[in-house]
Amino acid sequence: MERRDKINYYLDLAEIVLQRGTCLRRNYGAVIVKNDEVISTGYVGAPRGRKNCTDLNVCIRQKLQIPRGERYEICRSVHAEANAIISAPRDKMLGSQLYLVGIDMATKDYVQNANSCSMCKRMIINAGIERVYIRDSKDEYRVIEVQDWIDQDESLEGVFGY
């Protein structure tokens, strides 16, 4: 039996974590790791005490036909990355890696070209996470250096006159 490489091992853990997700559209799992120690995990779900989309049997974004990557403020869930960050102490996240896996609930396939939303990117930056690994297929993934998100600042400078 061939031993699983560490990156895919942690991505496999994120894939297990996403199975707790409650989104009817796309479920994600996130695992934060530092020095080969799992610091935190997170999956998509409504804030504590609120009903999940699976409880209501409706995804409002899907019902309103909102395209992927738009109008996240309408979603009732907290993203996997945010839940993992909320559950981790910041000092342990400094210099860590985040592993992210997304599954499309309709097709059960990996979410193609998955990436963190702009709000999650800001949280990842502020948490001090250095690198994000995103699964594209069972054995393929992308590596994102968080510094690239900082360097490619998507500011609205000039748009609103500031």
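Since we're looking at a predicted model, the values are computed, not measured. (Residues numbered from 1 in each chain as written. Predicted model: local features only at pLDDT ≥ 70, side-chain atom pairs only at ≥ 80, totals over all residues. Heavy atoms only, no water.)

**Some remarks on the overall build of the chain**
Counting secondary structure elements, the chain contains seven helices and five strands. When the helices and strands of the chain are placed in sequence order, the string is α-β-β-α-α-α-α-β-α-β-β-α. Radius of gyration (C-alpha) of the chain: 16 Å, near the 15 Å computed for a compact globule of 162 residues. By the burial criterion, 41% of the 162 residues in the chain qualify as buried. (Helix = DSSP H or I, 4+ residues; strand = E, 2+ residues; numbered from the N terminus. Rg over C-alpha atoms; globule rule 2.2 N^0.38 Å. Buried < 20%, exposed > 50% of the residue type's maximum accessible area, 1.4 Å probe, protein only.)

**So, the confidence of the model for the chain**
The pLDDT averaged across the chain works out to 91; a share of 94% of its residues lies at or above 70. Across residues 158–162, confidence stays below pLDDT 50; counting only partners more than four residues off in sequence or on other chains, it has two contacts. (pLDDT = per-residue confidence, 0-100. Contact = heavy atoms within 4.5 Å.)

**Let's talk about the pairing of strand β5 (residues 140–145)**
Relative to β5, strand β4 (residues 131–137) is paired through six bridges, and the arrangement is antiparallel. Within β5, the position partnered with Val132 by the bridge is Ile144. Following β4, the chain reverses through two residues before pairing antiparallel with β5. (Pairing = 2+ DSSP bridges.)

**Some remarks on the environment of Glu37**
With respect to the helices and strands, Glu37 occurs in strand β2 (residues 37–43). Given a relative accessible area of 44%, Glu37 falls into the partly exposed group. On a C-alpha basis, the gap between Glu37 and Ser96 in space is 9.6 Å, while along the polypeptide they are 59 residues apart. The contact partners of Glu37, leaving out residues within four places of it in the chain, are Tyr10, Ile32 and Lys92.

**Brief notes about the sheet that holds strand β1 (residues 26–34)**
Strand order in the open sheet made by the five strands is β2-β1-β3-β4-β5, with mixed pairing throughout. Sheet topology places β2 and β5 at the edges, where each strand pairs with a single neighbour. Averaged over all pairs of adjacent strands, the angle between their axes in this sheet comes to 20°, without regard to strand direction. Pairing geometry for strand β3 (residues 97–104) and β4, over four bridges, is parallel. By the bridge assignment, Gln97 is partnered in β4 with Arg131. Sitting on the sheet, helix α1 (residues 6–17) is in contact with β1, β2, β3, β4 and β5, with an inclination near 135° to β1. (Axes fitted to C-alpha atoms, helices over the stretch in contact; angles between N-to-C directions.)

**Side note on the layout of surface pockets**
Here the largest pocket defines a volume of roughly 420 Å³. Tyr28, Arg61, Tyr72, His79 and Asn115 are, among the 23 residues lining the largest pocket, the residues nearest its centre. Secondary-structure elements contributing two or more residues to the lining of the largest pocket are β1, α4 (80–86) and α6 (118–127). Residues belonging to the lining of the largest pocket are distributed by class as follows: 10 nonpolar, six polar and seven charged. Its volume calculated, the second largest pocket comes out at about 330 Å³. What lines the second largest pocket is a set of 14 residues, among which Tyr43, Gly45, Ala46, Arg48 and Asn83 lie closest to the centre. Secondary-structure elements contributing two or more residues to the lining of the second largest pocket are β2 and α4. Top contributing element to the lining of the second largest pocket by residue count: β2, with three residues. Considered class by class, the residues forming the lining of the second largest pocket number five nonpolar, seven polar and two charged. (1 Å grid on protein atoms, 1.4 Å probe; cavity = no way out; pocket = protein on both sides within 12 Å on 5 of 7 lines; lining within 4 Å. Points joined across faces, edges and corners; volume = space filled by probe spheres on them. Nonpolar A, V, L, I, M, F, W, Y, C, P; charged D, E, K, R; others polar.)

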